Amino acid sequence: MLVRAITAPGLRRWCRGQRGAAAACFPLGRALLGVRGAEASAFLQGLLTNDVTQLVAAGDAPPALYAHALNVQGRCLYDVILYRLHGSTAEEPHILLECDSIVLDSIQKHLKLYKIRRKVTIAPCPDLSLWAVIPGEQPGDASSLPKCADPALLLTPDPRAEVMGWRLIAKKGANLSEIIPGSQVGDVQDYHRHRYKQGIPEGVQDLPPGVALPLESNLAFMNGISFTKGCYIGQELTARTHHMGVIRKRLLPVTFPAPLPTSGIPEGAEILTESGKRAGKFRAGAGELGIALLRLAHVNEPLCINLAGDRVKLCAATPEWWPKTAAK
């Protein structure tokens, strides 16, 4: 595997951008697949919502892209982040694909089904670890940065939204304090709480395969779709919905102000308005924070979930990082 180390100047720029804040590094249970070969980008281009050719374009190509793989009905199968590991257009394209570890086997089968005779190799990368890097509020020391962070394969902004910090890919067992001096290893549950607070879906709980629709899941807000790239599986319904400009439901962060039932909130629980109208469905959560698919018409109303005769109240919010006209 080609190791692409990020240099000290890049890390220094990042630390200056965080105003000296110490970073929390969260180990993610997501899987990584290597897709390598002369036709790697063309192969993925027909399967994913985003324009994968950007990863192999000459010039200032992005190091990472967010995308969904859809079924023929235009519903989400897998949410993925793609990373460019090759250093230039002169090298063989080498793309790393991040996915929910639960669907690792099924996404490999999905890719190999469409591979046919493409000059592409697809293989898991068990020797790599994936981390989310979220800036903290405690002062950090940028002066202790190493001359070259050799253990890092890639340190790049999360392509979905600035509020999600950075993604780090390193060799398993790498010392995080050598890569990002002053950083601390955090509890992954705090990472999930952070993304629920920001309304960022991730994995099969938040995006049930064959159920979630990409535009209702805010794919366009998270830089995960190209409307000009051409054909891909599931494009027809997605393009029609986009051009009609009518999206009545969206994934939104929700908060439960009252103490939660000891059994928690079941996934898929129906959310109602105070008058009993159906407002949406709860997807998943962590503690008092969660994410739900809600009708935009009811976002500002008092909401509740009926559980075994008890009414559990909740409220929804529009994330600050959304476009200003998003909820209108």
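- The protein is annotated in an unreviewed UniProt entry as Iron-sulfur cluster assembly factor IBA57, mitochondrial of Acrocephalus arundinaceus.
- Per UniProt, the protein carries the Sequence similarities (unreviewed entry) text "Belongs to the GcvT family. CAF17/IBA57 subfamily."
- You can read under Subcellular location (unreviewed entry) in the UniProt record for the protein the words "Mitochondrion".

1. Quick look at the overall build of the protein
Then step 1. Broken down by element type, the protein carries six helices and 18 strands.
Then step 2. For the protein, buried positions account for 51% of its 328 residues.
Then step 3. Summarising the internal contacts of the protein: among those between residues at least 6 apart in sequence, 72% fall at separations of at least 24.
Then step 4. If you sum the accessible surface of the protein, you get close to 15,500 Å²; carbon and sulfur atoms cover 51% of it.

2. Here's the deal with the sheet that holds strand 16 (residues 289–295)
Then step 1. As summarised here, the arrangement of the six strands in space is 13-16-15-14-17-18, forming a closed barrel in which the pairing is antiparallel. The average undirected angle you get between the axes of adjacent strands in this sheet is 45 degrees.
Then step 2. Pairing between strand 14 (residues 270–273) and strand 17 (residues 303–307): two bridges, direction antiparallel. Of the residues in strand 17, the one forming a bridge with Leu272 is Cys304.

3. Concerning the pattern of salt bridges
Pairing is possible between side chains of opposite charge, provided their charged atoms come close.
Then step 1. According to the stated counting rule, one finds 14 salt bridges in the structure shown.
Then step 2. Glu270 is the partner of Arg278 in a salt bridge, and the nearest nitrogen-oxygen pair spans 3.2 Å.
Then step 3. Take Arg278: its relative accessible area is 62%, and that puts it in the exposed class.
Then step 4. The class for Glu270 is partly exposed, based on a relative accessible area of 33%.
Then step 5. Among the ionic contacts, a cluster of salt bridges with common partners joins Arg30, Asp79, Glu98, Asp158, Arg160, Arg167 and Glu202.

4. Some remarks on the sheet that holds strand 6 (residues 94–100)
Then step 1. Overall, antiparallel pairing links the five strands, which are arranged 4-5-6-3-7 in an open sheet. Each edge of the open sheet is held by one strand with a lone partner, namely strand 4 (64–70) and strand 7 (121–124). With strand direction ignored, the average angle separating the axes of adjacent strands in the sheet is 30 degrees.
Then step 2. Here strand 3 (residues 30–36) runs beside strand 6; their pairing, made up of seven bridges, is antiparallel. Paired with Val35 across the two strands is Ile95, which belongs to strand 6.

5. Description of the nonpolar core
Then step 1. One finds Ile169, Ile271, Leu294 and Ile305 to be the most contacted residues of the largest nonpolar core, which totals 58 residues.
Then step 2. When residues in this core are grouped by element, the largest group, five residues, is from strand 16.
Then step 3. Setting aside residues up to four positions removed in sequence, Ile271 forms contacts with Lys277, Arg278, Ala279, Gly280, Lys281, Phe282, Ala292, Leu294, Leu303, Cys304, Ile305 and Leu314.
Then step 4. One finds Leu33, Leu47, Ile95 and Ile122 within the second-largest nonpolar core, a separate group that totals 27 residues.

6. Concerning the layout of surface pockets
Then step 1. What the largest pocket holds in volume is close to 470 Å³.
Then step 2. Of all the secondary-structure elements, those providing two or more residues to the lining of the largest pocket are helix 5 (188–198) and strand 15 (278–286).
Then step 3. Examining the composition of the lining of the largest pocket, we find that five residues originate from one element, helix 5, more than from any other.
Then step 4. The class makeup of the residues in the lining of the largest pocket is eleven nonpolar, nine polar and six charged.
Then step 5. Both of domain 1 (21–198) and domain 2 (248–316) provide at least three residues apiece to the lining of the largest pocket.
Then step 6. If you add up the space inside the second largest pocket, you get close to 360 Å³.
Then step 7. For the lining of the second largest pocket, the secondary structure elements donating two or more residues are strand 15 and strand 16.
Then step 8. The biggest single contributor to the lining of the second largest pocket is strand 15, with six residues.

7. Details of the pairing of strand 15
When a strand is regular, its side chains alternate between the sheet's two faces.
Then step 1. Note that strand 14 and strand 15 share three bridges and pair antiparallel. Directly across from Ile271, in strand 15, lies its bridge partner Gly280.
Then step 2. Hairpin geometry of strand 14 and strand 15 is characterised by an intervening segment of four residues between the two adjacent antiparallel strands and by a positive phi of about 95 degrees at Gly276.
Then step 3. For strand 15 and strand 16, the ladder comprises six bridges, and the chain directions are antiparallel. Across the sheet, Gly280 pairs through a bridge with Leu294, a residue of strand 16.

Rules of the game
- Residues numbered from 1 in each chain as written.
- Predicted model: local features only at pLDDT ≥ 70, side-chain atom pairs only at ≥ 80, totals over all residues.
- Heavy atoms only, no water.
- UniProt positions renumbered as here; feature names shortened; annotations may be inferred.
- Helix = DSSP H or I, 4+ residues; strand = E, 2+ residues; numbered from the N terminus.
- Buried < 20%, exposed > 50% of the residue type's maximum accessible area, 1.4 Å probe, protein only.
- Contact = heavy atoms within 4.5 Å.
- Areas by Shrake-Rupley, 256 points an atom, 1.4 Å probe, with all protein chains shown as cover.
- Pairing = 2+ DSSP bridges.
- Axes fitted to C-alpha atoms, helices over the stretch in contact; angles between N-to-C directions.
- Salt bridge = Lys/Arg side-chain N within 4 Å of Asp/Glu carboxyl O.
- Core = buried A, V, L, I, M, F, W, Y, C linked by side-chain atoms within 4.5 Å.
- 1 Å grid on protein atoms, 1.4 Å probe; cavity = no way out; pocket = protein on both sides within 12 Å on 5 of 7 lines; lining within 4 Å.
- Points joined across faces, edges and corners; volume = space filled by probe spheres on them.
- Nonpolar A, V, L, I, M, F, W, Y, C, P; charged D, E, K, R; others polar.
- Domains from an automatic or database assignment.

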